Amino acid sequence: MSELTTRAKHVRHPKLATSARYLFALFLVLTGLMTMMFGVQGYPLPDELSPFRDFMKAMDDTGYIIFWVGLIKFIAGSLLFVRRTVPLALLIALPYTVNILLYCIFIANQYLLLGVPDFLCNAFLIYAWFDWYKGCFED
């Protein structure tokens, strides 16, 4: 039996990680549904011209990207409610959280209070569940 299979996996800071997981899951599910609705009905754009408005108009004009981002958020959030699928859900959510952080920094500064905690929560949960990813970094 290899050393990798005999090591027990544990969640770091389990109480905090569980609370953060459920809050992050709820956030992803609800904002995923909202984003899918924007994908179907159109994104509400502000009247004043800004890089944020231009970017969101371009995204809205494509007609598909916003819906799919919402669906991925919804799927990742749903998977976070099931302990067995948490490591997969965190990896699914990672590209979204990195993108939303960069989007908030460079385009929509008004949403930094949502984007930064969103990214940090995902990063913390990946750290908390890191035992499930260790095999990716070992020989």
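Reading guide: rules and limits
- Residues numbered from 1 in each chain as written.
- Predicted model: local features only at pLDDT ≥ 70, side-chain atom pairs only at ≥ 80, totals over all residues.
- Heavy atoms only, no water.
- Axes fitted to C-alpha atoms, helices over the stretch in contact; angles between N-to-C directions.
- Helix = DSSP H or I, 4+ residues; strand = E, 2+ residues; numbered from the N terminus.
- Parallel < 35°, antiparallel > 145°, perpendicular 65-115°, else oblique.
- Left-handed = near helix turned anticlockwise from the far one by under 90°.
- Contact = heavy atoms within 4.5 Å.
- Nonpolar A, V, L, I, M, F, W, Y, C, P; charged D, E, K, R; others polar.
- Expected span 1.5 Å × (residues − 1).
- Buried < 20%, exposed > 50% of the residue type's maximum accessible area, 1.4 Å probe, protein only.
- Arc of directions from axis to C-beta.
- Core = buried A, V, L, I, M, F, W, Y, C linked by side-chain atoms within 4.5 Å.
- 1 Å grid on protein atoms, 1.4 Å probe; cavity = no way out; pocket = protein on both sides within 12 Å on 5 of 7 lines; lining within 4 Å.
- Points joined across faces, edges and corners; volume = space filled by probe spheres on them.

### A few points about the packing of helix 2 (residues 14-41) against helix 5 (residues 86-106)
So, point 1. The geometry of helix 2 relative to helix 5 is characterised by a closest axis approach of 12 Å and an angle of 55° between their N-to-C directions. Between helix 2 and helix 5, the angle falls in the class oblique. Judged by the twist between their axes, the crossing of helix 2 over helix 5 is left-handed. For the pair helix 2 and helix 5, contact is made by Arg-21, Phe-24, Phe-27 and Leu-28 and by Val-86, Leu-90, Ala-93, Tyr-96 and Thr-97, respectively.
So, point 2. Residue composition of the contact of helix 2 with helix 5, by class: seven nonpolar, one polar and one charged.

### Let's talk about helix 4 (residues 65-80)
So, point 1. Given a rise of 1.5 Å per residue, 16 residues ought to cover 22 Å, and the 23 Å separating the end C-alpha atoms of helix 4 matches this to within 8%.
So, point 2. Of all the residues in helix 4, the buried ones are Ile-66, Gly-70, Lys-73, Ala-76, Gly-77 and Leu-80. The buried residues of helix 4 occupy an angular sector of 130° when projected down its axis, which confines them to one face.

### Things to note about the nonpolar core
So, point 1. Counting residues in hydrophobic clusters, the biggest one holds 28 residues, and the most contacted among them are Phe-24, Leu-28, Leu-80, Leu-90, Tyr-103, Leu-125 and Trp-129.
So, point 2. Among the elements that make up this core, the one with the highest residue count is helix 5 (eight residues).

### Here's the deal with the packing of helix 5 against helix 6 (residues 112-128)
So, point 1. Direction vectors running N to C along helix 5 and helix 6 enclose 150°, while the axes themselves pass 8 Å from each other. Accordingly, the angle class assigned to the pair helix 5 and helix 6 is roughly antiparallel. Classified by chirality, the crossing of helix 6 by helix 5 is left-handed. On helix 6, the residues that touch Leu-90, Ala-93, Leu-94, Tyr-96, Thr-97, Val-98, Ile-100, Leu-101, Cys-104 and Ile-105 of helix 5 are Leu-112, Gly-115, Val-116, Asp-118, Phe-119, Asn-122, Leu-125 and Ile-126.

### Side note on the layout of surface pockets
So, point 1. By volume, the largest pocket amounts to about 630 Å³.
So, point 2. Lining the largest pocket we find 23 residues, and of these Thr-35, Lys-73, Tyr-96, Ile-100 and Tyr-103 sit closest to its centre.
So, point 3. Of all the elements in the fold, those that place two or more residues in the lining of the largest pocket are helix 2, helix 3 (51-62), helix 4, helix 5 and helix 6.
So, point 4. The residue makeup of the lining of the largest pocket, split by class, is 17 nonpolar, four polar and two charged.

### A few points about the environment of Leu-88
So, point 1. For Leu-88, the location among the structural elements is in helix 5.
So, point 2. The exposure class assigned to Leu-88 is partly exposed, which follows from its relative accessible area of 48%.
So, point 3. Spatially, the C-alpha atom of Leu-88 lies 29 Å from that of Asn-109, the residues being 21 residues apart in sequence.

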